[in-house]
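# Architecture and fold: a report
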Amino acid sequence: MKIVSKIMFLLILPFFSSCSWQEEEPNPIYLEPPCPLITLKDIDYTVMIQHKDTFQVSLVGYYGDCNMSKRKHQSFAIIQPIFMIRRLQATDQTNVPFDFYVEAVQGPISGQFYRKYHEIATLPEFDKEVRYVGRKVRVFLPEAIKYTYEMNLGLVISPREQIYNNRYFNEHFDYSEDKF
(Lines give C-alpha, C1' and ligand atoms only; values in the text may rest on other atoms or scores of the structure.)
Protein backbone atom coordinates (compact mmCIF):
# COMPACT_ATOMS: atom_id res chain seq x y z
CA MET A 1 0.00 0.00 0.00
CA LYS A 2 2.87 2.33 0.74
CA ILE A 3 4.34 1.76 -2.69
CA VAL A 4 1.03 2.52 -4.42
CA SER A 5 0.61 5.75 -2.45
CA LYS A 6 4.16 6.80 -3.30
CA ILE A 7 3.55 6.12 -6.99
CA MET A 8 0.27 8.08 -6.87
CA PHE A 9 2.05 10.93 -5.15
CA LEU A 10 4.77 10.95 -7.80
CA LEU A 11 2.14 10.95 -10.57
CA ILE A 12 0.09 13.76 -9.04
CA LEU A 13 3.08 15.94 -8.13
CA PRO A 14 3.73 17.20 -11.73
CA PHE A 15 0.11 18.31 -12.05
CA PHE A 16 0.26 20.41 -8.91
CA SER A 17 3.65 21.84 -9.72
CA SER A 18 2.48 22.95 -13.17
CA CYS A 19 -0.33 25.05 -11.68
CA SER A 20 0.53 28.57 -10.71
CA TRP A 21 -0.95 30.23 -7.67
CA GLN A 22 -0.39 33.72 -9.07
CA GLU A 23 -2.42 35.44 -11.75
CA GLU A 24 -0.61 36.11 -14.95
CA GLU A 25 0.16 39.75 -15.52
CA PRO A 26 -0.75 41.24 -18.91
CA ASN A 27 2.08 41.57 -21.34
CA PRO A 28 3.46 45.10 -20.81
CA ILE A 29 4.95 45.16 -24.31
CA TYR A 30 1.58 44.96 -26.09
CA LEU A 31 -0.15 48.32 -26.18
CA GLU A 32 -3.34 49.05 -28.07
CA PRO A 33 -2.71 51.50 -30.92
CA PRO A 34 -4.06 55.02 -30.50
CA CYS A 35 -7.57 55.53 -31.73
CA PRO A 36 -8.53 57.96 -33.21
CA LEU A 37 -5.38 58.88 -35.10
CA ILE A 38 -5.61 62.70 -35.35
CA THR A 39 -3.21 65.25 -36.83
CA LEU A 40 -3.72 68.91 -35.86
CA LYS A 41 -3.59 71.32 -38.82
CA ASP A 42 -4.24 75.08 -39.08
CA ILE A 43 -4.05 75.42 -35.32
CA ASP A 44 -3.71 79.15 -34.71
CA TYR A 45 -5.26 82.32 -36.10
CA THR A 46 -6.67 85.68 -35.08
CA VAL A 47 -10.30 86.44 -35.81
CA MET A 48 -11.85 89.89 -36.07
CA ILE A 49 -15.42 90.42 -34.92
CA GLN A 50 -17.34 93.31 -36.45
CA HIS A 51 -14.07 94.58 -37.99
CA LYS A 52 -12.75 95.90 -34.66
CA ASP A 53 -12.47 93.34 -31.85
CA THR A 54 -9.67 90.80 -32.24
CA PHE A 55 -9.37 87.43 -30.54
CA GLN A 56 -6.73 84.77 -30.99
CA VAL A 57 -8.12 81.24 -31.32
CA SER A 58 -5.69 78.33 -30.90
CA LEU A 59 -6.44 74.63 -31.29
CA VAL A 60 -4.32 73.08 -28.52
CA GLY A 61 -5.50 69.47 -28.45
CA TYR A 62 -8.45 67.11 -28.37
CA TYR A 63 -10.14 64.40 -26.38
CA GLY A 64 -10.63 61.27 -28.43
CA ASP A 65 -12.05 57.80 -27.99
CA CYS A 66 -13.12 54.92 -30.22
CA ASN A 67 -16.23 52.85 -29.62
CA MET A 68 -18.39 50.24 -31.33
CA SER A 69 -21.97 51.02 -32.36
CA LYS A 70 -24.34 48.44 -30.86
CA ARG A 71 -26.94 48.68 -33.62
CA LYS A 72 -24.77 48.85 -36.70
CA HIS A 73 -21.72 46.96 -35.36
CA GLN A 74 -19.44 49.62 -36.78
CA SER A 75 -16.59 51.48 -35.09
CA PHE A 76 -16.77 55.22 -34.58
CA ALA A 77 -14.56 57.88 -33.04
CA ILE A 78 -15.66 60.62 -30.67
CA ILE A 79 -13.50 63.73 -31.08
CA GLN A 80 -13.81 66.81 -28.86
CA PRO A 81 -11.41 69.67 -29.71
CA ILE A 82 -9.81 71.91 -27.07
CA PHE A 83 -9.22 75.60 -27.81
CA MET A 84 -7.48 78.48 -26.06
CA ILE A 85 -9.13 81.82 -26.80
CA ARG A 86 -7.27 85.03 -25.96
CA ARG A 87 -8.59 88.58 -26.02
CA LEU A 88 -6.07 90.86 -27.82
CA GLN A 89 -7.79 94.18 -27.07
CA ALA A 90 -9.79 95.49 -24.14
CA THR A 91 -13.40 95.20 -25.28
CA ASP A 92 -16.80 94.24 -23.95
CA GLN A 93 -17.40 91.62 -26.68
CA THR A 94 -17.92 88.21 -25.05
CA ASN A 95 -18.96 85.86 -27.89
CA VAL A 96 -16.27 84.60 -30.24
CA PRO A 97 -17.54 82.74 -33.35
CA PHE A 98 -15.19 80.43 -35.25
CA ASP A 99 -15.25 77.22 -37.29
CA PHE A 100 -13.26 74.00 -37.16
CA TYR A 101 -13.15 70.98 -39.46
CA VAL A 102 -12.53 67.22 -39.47
CA GLU A 103 -11.35 65.50 -42.65
CA ALA A 104 -10.21 62.03 -43.67
CA VAL A 105 -6.68 61.72 -45.01
CA GLN A 106 -6.57 58.03 -45.91
CA GLY A 107 -8.88 55.17 -46.49
CA PRO A 108 -11.87 54.56 -48.72
CA ILE A 109 -13.31 58.05 -48.30
CA SER A 110 -10.12 60.11 -48.26
CA GLY A 111 -10.64 63.42 -49.98
CA GLN A 112 -14.41 62.95 -49.78
CA PHE A 113 -14.95 63.31 -46.03
CA TYR A 114 -14.75 66.94 -44.89
CA ARG A 115 -17.07 68.33 -42.26
CA LYS A 116 -17.13 71.86 -40.92
CA TYR A 117 -18.51 72.76 -37.49
CA HIS A 118 -19.44 76.19 -36.15
CA GLU A 119 -18.71 77.15 -32.54
CA ILE A 120 -19.45 80.25 -30.49
CA ALA A 121 -17.25 80.47 -27.42
CA THR A 122 -18.11 82.78 -24.54
CA LEU A 123 -15.23 84.70 -23.02
CA PRO A 124 -16.16 86.38 -19.71
CA GLU A 125 -15.94 90.15 -19.95
CA PHE A 126 -12.95 90.65 -17.64
CA ASP A 127 -10.98 87.51 -18.54
CA LYS A 128 -8.09 87.76 -20.96
CA GLU A 129 -7.89 84.06 -21.82
CA VAL A 130 -10.15 81.04 -21.52
CA ARG A 131 -9.88 77.32 -22.29
CA TYR A 132 -12.85 76.20 -24.37
CA VAL A 133 -13.84 72.59 -25.08
CA GLY A 134 -15.81 72.24 -28.32
CA ARG A 135 -18.71 69.98 -29.09
CA LYS A 136 -18.30 66.24 -29.52
CA VAL A 137 -18.00 65.09 -33.11
CA ARG A 138 -18.80 61.52 -34.15
CA VAL A 139 -16.91 60.04 -37.12
CA PHE A 140 -17.53 56.50 -38.39
CA LEU A 141 -14.37 54.48 -39.02
CA PRO A 142 -13.74 51.68 -41.53
CA GLU A 143 -13.41 48.56 -39.36
CA ALA A 144 -10.44 47.07 -41.23
CA ILE A 145 -8.25 50.16 -40.82
CA LYS A 146 -9.64 51.87 -37.73
CA TYR A 147 -6.24 52.05 -35.99
CA THR A 148 -4.49 53.50 -39.05
CA TYR A 149 -7.34 55.72 -40.24
CA GLU A 150 -5.74 59.16 -40.16
CA MET A 151 -7.85 62.30 -39.81
CA ASN A 152 -7.02 66.01 -39.72
CA LEU A 153 -8.50 68.40 -37.18
CA GLY A 154 -8.06 72.13 -37.68
CA LEU A 155 -9.47 75.63 -37.71
CA VAL A 156 -11.27 76.91 -40.80
CA ILE A 157 -9.46 80.04 -41.92
CA SER A 158 -10.91 82.10 -44.74
CA PRO A 159 -8.53 83.73 -47.26
CA ARG A 160 -9.31 87.19 -45.82
CA GLU A 161 -8.50 86.01 -42.29
CA GLN A 162 -5.31 84.36 -43.53
CA ILE A 163 -4.15 87.60 -45.19
CA TYR A 164 -5.01 89.56 -42.03
CA ASN A 165 -3.03 87.09 -39.91
CA ASN A 166 -0.09 87.16 -42.27
CA ARG A 167 -0.06 90.96 -42.47
CA TYR A 168 -0.11 91.60 -38.71
CA PHE A 169 1.48 88.50 -37.20
CA ASN A 170 3.94 87.19 -39.81
CA GLU A 171 7.13 89.18 -40.16
CA HIS A 172 7.93 87.50 -43.51
CA PHE A 173 4.64 88.49 -45.16
CA ASP A 174 4.77 89.08 -48.91
CA TYR A 175 2.55 92.09 -49.66
CA SER A 176 2.00 90.91 -53.22
CA GLU A 177 -0.50 88.40 -51.74
CA ASP A 178 -2.53 91.27 -50.27
CA LYS A 179 -5.41 90.89 -52.74
CA PHE A 180 -8.85 89.66 -51.66
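A quick note: this is a predicted structure, and the numbers were derived from the prediction, not measured. (Residues numbered from 1 in each chain as written. Predicted model: local features only at pLDDT ≥ 70, side-chain atom pairs only at ≥ 80, totals over all residues. Heavy atoms only, no water.)

## Comments concerning the overall build of the protein chain
Broken down by element type, the protein chain carries two helices and nine strands. Order of helices (α) and strands (β) in the protein chain, N terminus to C terminus: α-β-β-β-β-β-β-β-β-β-α. A total of 180 residues make up the protein chain; the buried ones form 34% of that total. Nonlocal contacts in the protein chain, meaning residues at least 24 apart in sequence, comprise 64% of its contacts between residues at least 6 apart. Within the structure as shown, the protein chain displays about 12,800 Å² of accessible surface, and the carbon and sulfur contribution to it stands at 56%. (Helix = DSSP H or I, 4+ residues; strand = E, 2+ residues; numbered from the N terminus. Buried < 20%, exposed > 50% of the residue type's maximum accessible area, 1.4 Å probe, protein only. Contact = heavy atoms within 4.5 Å. Areas by Shrake-Rupley, 256 points an atom, 1.4 Å probe, with all protein chains shown as cover.)

## A look at the pairing of strand β8 (residues 137-140)
The alternating pattern of β8 places Val-137 and Val-139 on a buried face, while none of Arg-138 and Phe-140, on the opposite face, is buried. Of the pairings in the sheet, the one linking strand β4 (residues 75-87) to β8 comprises four bridges and is antiparallel in character. Bridging across to β8, Ala-77 finds its partner in Val-139. (Pairing = 2+ DSSP bridges.)

## Quick notes on the pattern of salt bridges
One pass over the full model with this rule turns up two salt bridges. With a closest N to O distance of 2.6 Å, Glu-129 and Arg-86 form a salt bridge. Taken together, the residues Glu-129 in strand β7 (residues 129-133) and Arg-86 in strand β4 connect sequence positions 43 residues apart. Look at Arg-86 and you get partly exposed, because its relative accessible area is 35%. A salt bridge links Arg-135 to Glu-119; the nearest nitrogen and oxygen atoms lie 3.2 Å apart. Note that Arg-135 is positioned in the loop between β7 and β8 and Glu-119 in strand β6 (residues 114-122), a separation of 16 residues in sequence. (Salt bridge = Lys/Arg side-chain N within 4 Å of Asp/Glu carboxyl O.)

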